[in-house]
Amino acid sequence: MEIDIPPLSETAMDQARKRQQNLTKPPGSLGRLETFSVEIAGITDEPTPKLEEAVIATVAGDHGVVAEGVSAFPQDVTAQMVANFAHGGAGVNALANTVDARNLIVDAGVAAAEYPGMDSVVVDKVGNGTDNIATGAAMSRADAEAAIEVGRSVVAEHAPEADIIGLGDMGIANTTPSAAVTAAITGHPPEAVTDHGSGIDEETFERKVAVVERALENDAPDPDDGIDVLRSVGGFEIGALAGIALEGASRRTPIVVDGFITGAGALVAAQIEPAVTDYLLPSHSSVESGHAIQHEALGLDPLFDLDLRLGEGTGAALGIAVYKGACATLREMATFEEAGVSN
């Protein structure tokens, strides 16, 4: 799979730095906001980027591994929550509204054939949930590639004008395949990247770790091949999230990573095309222990830690507010010369 991702624009970054040095403030006084504005200038190839059209893509899929009892909730909740997204009643809807972002809901593999609000959802199912990774591969390689293409088409067909895209997820039991993906790609042991997800008890947690270990032993995915990792232990929504990141990067669109599941998608994307990491922006630090390991592997430094673990794109929405602010200060603040202030 070939994805053409351009390098960051050094010219735009240099112009952004020079403007930052001449804005009406002490140099460096806006801290990381200054760094972000320069980075986004390089991503977009715009010396004073605008992030007006924000999209949060919340991608849903189900997982056969739910049969192993690794989640506190039944699989039916996935479709019920997608319906909730469609009706505007979820956490991501509320937070997307606060940052004037459009919430794009994608069904990449929800097990339910239909659910309320389906006409408001981008339905592009690779399948009705993955197979059980505890007993075999999650999917075929063809399905793994198809999942990535779902994400690419989401950007190409439903968000081509987006100035910034936040990643979000929904899928009961999806922290289990995300832990397996993270362990496979980073080389960390399953117990280091597996956590309590939706709030499972200790007995369920121990079973979850054992399932991740068994999944990796059964199929032995190639850690250098992101598509093979996705095929072996991933999920349809994880693949679609990787595809969104890859397609967005190819279009010079900043991609804001949310929590642990979107981090797994970002890891898959980076194994397919390492240049995508230049286009990834962090949001929060999840309480999921594997999230910090993902950040380290991707070279991301979180913006904030609010003890979030909901997913959906909630942390990405808050991150978008920060990045909008960073670019607004670069673009809208006056220079010393413009304001008639002594430098």
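Residues numbered from 1 in each chain as written. Predicted model: local features only at pLDDT ≥ 70, side-chain atom pairs only at ≥ 80, totals over all residues. Heavy atoms only, no water.

Further remarks concern the side chain of E237. Inspection of the secondary structure puts E237 in helix α10 (residues 236-250). For E237, which is buried and forms no salt bridge, the nearest opposite charge comes from K125, at a distance of 11 Å. When near neighbours in sequence (up to four residues on either side) are disregarded, E237 contacts V59, A60, G61, H63, A108, M170, G171 and N174. (Helix = DSSP H or I, 4+ residues; strand = E, 2+ residues; numbered from the N terminus. Buried < 20%, exposed > 50% of the residue type's maximum accessible area, 1.4 Å probe, protein only. Lys, Arg positive; Asp, Glu negative; His and termini not counted. Salt bridge = Lys/Arg side-chain N within 4 Å of Asp/Glu carboxyl O. Contact = heavy atoms within 4.5 Å.)

A separate point is the pairing of strand β1 (residues 54-61). Across a regular strand the side chains alternate sides, sitting on one face of the sheet and then on the other. Across the eight residues of β1, eight count as buried, placing the element largely inside the fold. Taken together, the eight bridges between β1 and strand β2 (residues 101-109) define a ladder with parallel strand orientation. From the neighbouring strand, I56 faces β2, where its bridge partner is N103. When β1 meets strand β4 (residues 164-170), the two strands line up parallel, connected through seven bridges. If you follow A60 over to β4, its bridge partner there is M170. (Pairing = 2+ DSSP bridges.)

Next up on the list: the nonpolar core. By size, the foremost hydrophobic cluster in this structure holds 102 residues, and its most contacted members are I164, I244, L246, V268, V276, L280 and Y323. The residues touching I164, leaving out its near neighbours within four places in the chain, are L51, E53, A54, V55, T253, P254, V256, L281, I320 and Y323. If you look at the next biggest cluster of nonpolar residues, it comprises six residues, including A12, M13, A16 and V38. (Core = buried A, V, L, I, M, F, W, Y, C linked by side-chain atoms within 4.5 Å.)

The backbone phi angle of D100 is positive, close to 55°, even though this residue is not glycine. Tracing the backbone through its elements, the reader meets D100 in the loop between α4 (91-98) and β2. Backbone geometry places D307, a non-glycine residue, at a positive phi of 60°. Positionally, D307 belongs in the loop between α12 (289-298) and α13 (314-332). Judged by relative accessible area, which is 58%, D307 ranks as exposed.

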